[in-house]
Amino acid sequence: MASPEAEGARGRAGAQMAERKLLVLFGSQTGTAQDTAERIGREAKRRRFHCRVEALDSYPVAQLIQELLVVFVCATTGQGDPPDNMKNFWRFIFRKNLSPASLCQMDYAVLGLGDSSYPKFNFVAKKLHKRLQQLGASPILPVALGDDQHDLGPDAVVDPWLLDLWGRILPLYPLPPGLGIIGPDVLLPSKFTLHFLDERSSGCDGEAPSELHPFAARVVSNLRVTAESHFQDVRLIEFDVTGSGIEYSAGDVVMIQPRNAPEDVQQFCQLLRLDPDRCFVLKPSEPGTPLPAHLPQPCTIQHLVACYLDISCVPRRSFFELLSWFSPNELEREKLQEFSSAQGQEELYSYCNRPRRTTLEVLCDFPQTTCAVPLDYLLDLIPRIQPRAFSIASSMLALPNRLQILLAVVQYKTRLSKPRRGLCSTWLASLRPQQGDVRVPLWVKRGGMKFPAEPDTPIIMIGPGTGVAPFRAAIQERVAHGRKGNYLFFGCRQKSKDFYCGAEWQELVQSGHLTLFTAFSRDQEEKIYVQHRIRENQGLVWDLLSRGNAHIYLAGNAKEMPAAVAEALKSVFQLEGDLSPSEAEEYLTALERSRRFQMETWS
């Protein structure tokens, strides 16, 4: 017997069987949802669908009412937030004036990608699925929830879900007469072709018109704020944004477009036998396919590899699948095919994900295949370098025409001999402004945190580690306005090694602008964290909230700290406010709902 989802879809699909069009829309923060959406697009083309794959905010959302068949692939970020490239769509789809029959001719499926270690696991996909039904659309399948925490990652859910999806779609939209599914032994065409120009790089524009036109900010200073003996290198980096038109407030975020290390660019070009000075233009293989907005036209190979192709990312399964096509070597080809098969996912995880092996390192491991990769497939094979977001750690009121960030340099060991390094943090930390004019492409985005406009409202800020960055901006801003009532809970390991901006905080304490609580976890035998300091000062915290109408802000690592702080706050509500456990939970929820408790966390 057919499911209700399939029955609902079947009624409408019969009339449109001839129109075999599929739209795949994605909301992606790190690129995983985009990679999955493009995989669905490839599978659709093998089943002879006319298929478009687009970011939700790139798609003209008013046209959605005309779409008959849509697959949504959505990640969830932060505390249940939609990714940046679907925020406009998200606001539109939840408008109250949309008719309940707006999408009555649409058949759809929603695939969510999330992480079950977060409280709002796949919140965006669940909410979107429900909203589409409210607007009259018919689900082909129940919502699917991929999980990063699974040993095999989201593919543990995606693989069976895709089989089920095509099993439901093909009876509704049968293959055209006389045509079968394009088999896995046929290579699909590349998205773009590279057409080389006669002139060398002198004829090319070397600057990318990114996001879409970032400001090339001069690096003023790059200071290490942890002791040289401390294991973690943390930098306070200052940029000059004079003449950019950039304005920002406390809580806003700066986006930085990193670039690959020169030695990696050189190695990549040598492996693929590329001339970095050659100049090319891109042309789409299919009419209507938009060109990559972040690549200049014309462009050099040097710019493509240094500023666009993410050769330092851990490659996904789709990379191995496509790479296997080009291998002239039987042993290399068999291994690549194994890594791209459903059965080979544990071995791929062990080879690639667990040790965090990069795309460049994989290409080195498969040399005969690498030098046979057709250049037209480079953009299909390797994703674009994603911009990185940093909380702004300064206020324009305190530092006009300047912007500062607090940056932890990412470096760690795996079983590979070479340490793993964060692309953006390593690049930024390496910049030496004292040696010349150093520029970084950046732009500013509105942040999720909003600080109270009322001058008398006290704020309680909980910011261990680099989580203190947005609070430094907020304190500078409030002090410039003459506002007191600033309470900061700061945590780090040792006062002598990683007490960021310690002298600055002490000055503000002495001037009466700041009340500071510190938790130096390793300075005594028993570890002390910010949540312990909150409990120790429960009377003050409760008084500020219940009488002073204070707002609470939390920023920092997303894993254990937010839950521990939430437990400490609920304990304060129970002990000082005489609330029951369930009332304390409700009180915290009410603070969140009224935006008096705001969080910004990252993994």
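This is a predicted model, so every value here is computed, not measured.

1. Observations concerning helix α10 (residues 345-353)
Phase 1 of the analysis: Among all positions of α10, only Gln345, Leu348, Tyr351 and Cys352 are buried. Along α10, the residues classed as buried sweep out an arc of 125° about the axis, all on the same side.
Phase 2 of the analysis: As for α10, its buried residues are in contact with α5 (155-172), α8 (317-324), α9 (330-340) and α11 (359-365).

2. Details of the packing of aromatic side chains
Phase 1 of the analysis: Summed over the entire model, instances satisfying the criterion amount to 18 aromatic pairs.
Phase 2 of the analysis: Seen in terms of ring centroids, phenylalanine 326 and tyrosine 377 are 5.1 Å apart; in terms of plane orientation they differ by 50°. Their pairing is tilted. Of this pair, phenylalanine 326 sits in the loop between α8 and α9 while tyrosine 377 sits in the loop between α12 (367-370) and α13 (378-381), placing them 51 residues apart in sequence. For the pair formed by phenylalanine 326 and tyrosine 377, the shared burial category is buried.
Phase 3 of the analysis: Between the aromatic rings of tryptophan 542 and phenylalanine 573, the centroid separation amounts to 5.9 Å while the plane-to-plane angle is 55°, which identifies the pairing as tilted. Placement of the pair is tryptophan 542 in helix α19 (residues 538-546) and phenylalanine 573 in helix α20 (residues 561-577), with a sequence separation of 31 residues. The pair formed by tryptophan 542 and phenylalanine 573 is uniform in burial state, with each residue classed as buried.
Phase 4 of the analysis: An aromatic cluster is present here, built from Phe319, Phe320, Phe339 and Tyr351 joined pairwise through their rings.

3. Quick look at the packing of helix α15 (residues 469-480) against helix α17 (residues 502-510)
Phase 1 of the analysis: Where α15 meets α17, the axes come as close as 13 Å, and the angle between the chain directions of the two elements is 35°. Between α15 and α17 lies a crossing of left-handed hand. Residues Arg472, Ile475, Gln476 and Val479 of α15 lie in contact with α17, whose contacting residues are Glu504, Trp505 and Leu508.
Phase 2 of the analysis: Grouping the constituent residues of the contact of α15 with α17 by class yields 4 nonpolar, 1 polar and 2 charged.

4. Topic: the UniProt feature "domain: Flavodoxin-like" (unreviewed entry) in the protein
Phase 1 of the analysis: In this structure's numbering, the residues bearing the UniProt feature "domain: Flavodoxin-like" (unreviewed entry) are residues 22-166.
Phase 2 of the analysis: Structurally, residues 22-166 is divided into 32% helix and 23% strand, and its ends, taken at the C-alpha atoms, are 12 Å apart.

5. As for the UniProt feature "binding site: FAD" (unreviewed entry) in the protein
Phase 1 of the analysis: Those residues carrying the UniProt feature "binding site: FAD" (unreviewed entry) are Arg356, Arg388, Ala389, Phe390, Ser391, Gly422, Leu423, Cys424, Ser425 and Trp602 in this numbering. These residues run over 247 residues, and the two farthest C-alpha atoms among them are 25.7 Å apart, placing them at more than one spot.
Phase 2 of the analysis: Relative to the assigned elements, arginine 356 resides in the loop between α10 and α11.
Phase 3 of the analysis: Leave out the neighbours within four places in its chain, and arginine 356 touches Val314, Glu361, Tyr412, Thr414 and Arg420.
Phase 4 of the analysis: By secondary structure assignment, the location of arginine 388 is in strand β13 (residues 388-391).
Phase 5 of the analysis: Judged by its relative accessible area of 25%, arginine 388 falls in the partly exposed class.
Phase 6 of the analysis: Excluding residues within four positions of it along the chain, arginine 388 makes contact with Val254, Met255, Ile256, Pro258, Leu423 and Cys424.

Cut-offs used in this document
- Residues numbered from 1 in each chain as written.
- Predicted model: local features only at pLDDT ≥ 70, side-chain atom pairs only at ≥ 80, totals over all residues.
- Heavy atoms only, no water.
- Buried < 20%, exposed > 50% of the residue type's maximum accessible area, 1.4 Å probe, protein only.
- Helix = DSSP H or I, 4+ residues; strand = E, 2+ residues; numbered from the N terminus.
- Arc of directions from axis to C-beta.
- Contact = heavy atoms within 4.5 Å.
- Phe/Tyr/Trp six-rings, centres within 6.5 Å; stacked < 30°, edge-to-face > 60°.
- Axes fitted to C-alpha atoms, helices over the stretch in contact; angles between N-to-C directions.
- Left-handed = near helix turned anticlockwise from the far one by under 90°.
- Nonpolar A, V, L, I, M, F, W, Y, C, P; charged D, E, K, R; others polar.
- UniProt positions renumbered as here; feature names shortened; annotations may be inferred.

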